[in-house]
Amino acid sequence: MSLGREIDVFNAGTNLDIDAGFASLAQKRIDALLVTPDPLFSNRRVQLVTLATHYRIPTIYFSREFADTGGLMSYGPNQMDMYRQVGIYTGRILKGQKPVDLPVLQAIKFELVINQQTAKTLGLEVPAKLLALADEVIE
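Just so it is clear, the structure is predicted and the values come from calculations on it, not from any experiment.

Enquirer: I keep staring at the sheet that holds strand 1 (residues 33-34) and nothing clicks. Help me out?
Expert: Backbone-to-backbone hydrogen bonds join strands into a sheet, with any given pair of strands oriented parallel or antiparallel. With mixed pairing, the five strands of this open sheet are ordered in space as 1-2-3-4-5. Each edge of the sheet is formed by a strand with only one pairing partner; in this case those strands are strand 1 and strand 5 (136-138). Sheet analysis places strand 3 (residues 73-77) next to strand 4 (residues 110-115), joined by five bridges and oriented antiparallel. Residue pairing across strands places Met 73 opposite Ile 114, the latter belonging to strand 4.

This is how it looks when you write it as C-alpha cells:
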C-alpha cells in the first residue's frame, strides 16, 4: 500500500547539524518528522523539542522523555520494563549464569504518549481514536 508520501532522511552529528537540519526541513514544509533512536538525539532532547515547536513541525520521538519535555508524541519501549529486565539479567549473572549464555532480549512493552498541550500549540487536533489508544495523554 502506498500513501503517496515522500520520505527524506536527515542525518545529524552535531548541534549545528540539528539546527541546520530543522531550518532545511521548515523550508521544505514537511508534514511530519520521525526522530529515531540515537545517543546524540537523547542528549539533545530539549533542543529537538524546542526546534520542532519553533518550526511547527509535528514530530514523533522514540522515547517518552521527549513527550514529557514538550514533544508532540512518542512511541517506544517502556523504560520501566527495560530497567526491570536489566535487574533480572543482573540477578541471573550474580547467581552464576554466564552472560554469554543469556538470551538477547528485545523490548516487548511499548508505549504511546501524546502531549495534548503541544498539539494545541501546533494547531493540531489529535483524533479521539488515537487518544484512546495512547498509554498516556499529557494534558
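Enquirer: Sorry, what's going on with unusual backbone geometry here?
Expert: Although it is not a glycine, Arg 29 adopts a positive phi angle of roughly 55°. Assignment of secondary structure puts Arg 29 in the loop between helix 1 (15-28) and strand 1. Phi is positive for Arg 56, close to 55°, though the residue is something other than glycine. Within the fold, Arg 56 resides in the loop between helix 3 (45-54) and strand 2 (59-61). Residue classification places Arg 56 among the partly exposed residues on the basis of a relative accessible area of 47%.

Enquirer: Which parts of the structure should I look at to understand the pattern of salt bridges?
Expert: A side chain with one charge can pair with a side chain of the opposite charge if their charged atoms come near. Within this structure, the stated rule accounts for five salt bridges. Across the salt bridge formed by Arg 64 and Asp 68, the nearest N and O atoms sit 3.2 Å from each other. Note that Arg 64 and Asp 68 are positioned in helix 4 (residues 64-69) at a spacing of four residues, about one turn of the helix. Overall, the relative accessible area of 44% leaves Asp 68 in the partly exposed class.

Thresholds, definitions, all that
Numbers given for residues are sequential positions, taken from 1 along each chain in its written order. The predicted origin of the model limits local features to residues at a pLDDT of at least 70 and limits the giving and counting of side-chain atom pairs to 80 or more, whereas totals for whole chains, interfaces and linings rest on all residues. For side-chain calculations, the full set of non-hydrogen atoms in the structure is used, while hydrogens and water are omitted. Pairing between strands is defined by DSSP: at least two bridges between them are needed. Comment: elements are numbered from the N terminus, with helices defined as DSSP H or I runs of at least four residues and strands as E runs of at least two. Only protein chains enter the accessibility calculation, which uses a 1.4 Å probe; a residue whose area is less than 20% of its type maximum is buried, one above 50% is exposed, and one in between is partly exposed. We define a salt bridge as a contact between a side-chain nitrogen of Lys or Arg and a carboxyl oxygen of Asp or Glu at a distance within 4 Å.

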